Structures are given as structure tokens and as C-alpha cells.
Amino acid sequence: MFNVDDPHQFFREDDDNGEMVYSWTMDKIERKDATVWVMNHLFINPQKDSKKILHDQMKIVMFIAQKSHLPVWPLDPLVINYFNEHPDFESIWYHKPSPKNGSL
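What comes next is a walk through the structure. Positions within a chain are numbered from 1, following the residues in the order the chain's sequence is written. Reporting of local features is limited, given that this is a predicted model, to residues whose pLDDT is at least 70; pairs of side-chain atoms are given and counted only at 80 or more, and all residues count toward the totals for whole chains, interfaces and linings. Calculation of side-chain values draws on the structure's entire complement of heavy atoms; hydrogens and water are dropped beforehand.

1. Focus on the packing of aromatic side chains
- Planes of paired rings set the category: under 30 degrees apart is stacked, over 60 is edge-to-face and the rest tilted, where pairs are Phe, Tyr or Trp rings (Trp by its six-membered ring) whose centres lie within 6.5 Å. Counting across every chain of the model gives 5 aromatic pairs.
- With a centroid separation of 5.5 Å and an interplanar angle of 65°, the aromatic rings of Trp-73 and Tyr-94 are classed as edge-to-face. One end of the pair, Trp-73, is in strand E5 (residues 72-74); the other, Tyr-94, is in the segment after helix H2 (77-85), with 21 residues separating them in the sequence. The pair Trp-73 / Tyr-94 is uniform in exposure class, with both members buried. Every helix listed is a DSSP run of H or I at least four residues long, and every strand listed is a run of E at least two residues long, numbered separately from the N terminus. Note on exposure labels: buried denotes an accessible area under 20% of the residue type's maximum, exposed denotes more than 50%, and partly exposed covers the range between, all computed with a 1.4 Å probe on protein chains only.

2. Things to note about the nonpolar core
- Counting residues in each nonpolar core, the largest one holds 26 residues, and the members touching the most others are Trp-24, Met-39, Met-58, Val-61, Val-72 and Phe-83.
- The set of elements that each furnish at least two residues to this core consists of strand E2 (20-30), strand E3 (35-39), helix H1 (50-68) and H2. Here, the term nonpolar core denotes a set of buried Ala, Val, Leu, Ile, Met, Phe, Trp, Tyr and Cys residues that are joined through side-chain atoms within 4.5 Å.

3. Here we look at the side chain of Ser-68
- Among the structural elements, Ser-68 can be located in helix H1.
- N or O atoms closer than or at 3.5 Å make up a polar contact, with two conditions inside protein: a donor-capable atom paired with an acceptor-capable one, and, for residues adjacent in sequence, both atoms drawn from side chains. Among the polar contacts listed, one links the side chain of Ser-68 to the backbone oxygen of Ile-64, at a separation of 2.7 Å.
- In this view, Ser-68 contacts Val-4 and Trp-37; residues no more than four positions away in its chain are not counted. Here, residues are in contact when the closest pair of their heavy atoms is within 4.5 Å.

4. So, H2
- Listing the buried residues of H2 in full gives Val-79, Ile-80, Tyr-82 and Phe-83. The buried residues of H2 occupy an angular sector of 160° when projected down its axis, which confines them to one face. Counted as exposed and oriented over 90 degrees from the buried face of H2: Pro-77 and Glu-85.
- Those residues of H2 that are buried are in contact with E3, H1 and E5. This arc corresponds to the set of directions leading from the helix axis out to the C-beta atoms.

Encoded structure:
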């Protein structure tokens, strides 16, 4: 499933009818300050249990980060929200957005 030496990770599951349940990728990149995993968009079939799928896939993200000892830079707003809502992801979060100031 996961090979720490592969810089491109691809995850996809199809249901029994051949329809996509979810799909996402992560790429290991070299930045000036660190080597990181960039987690691209997570696509979830809207007819499926998106909360359960998201939670299950985030377990994989955490496993990859811990196994490779590299932080994750999530790009998908759904994943960013998940990271925000789960403090245990703070330790693997690369390039965390600054909190928004409530006033303009």
C-alpha cells in the first residue's frame, strides 16, 4: 500500500459497480526549508458516507507522515478543515494557514 520511497502516492477505491468512492494523491516535494508531502484534492463520491471516508483517509495521511517523518501540506479545503478540527494533526501540518482576523 504505502512505500515511503515512492514520491507519488495514489489512493482510489471503486465500489462494486465500478463507481469511484474516493480518490486522492500525495506528492513528496523538496522545498527550500523542508521536504514535505503535498496532499492534493480529496474527491469523495457525494452518494457515499463522506464523513467516514474522510476520517478513514486521514488515518492514512497520519500514517504516511509518521512513517516518513515528513509533514503534510494539505491543499483541499475539506482536508484543511479536518486538520483544524483535529489537534493531533497539528504535529504533521506543514504551511498551516494563519488564523483569520475576525475584523476587516
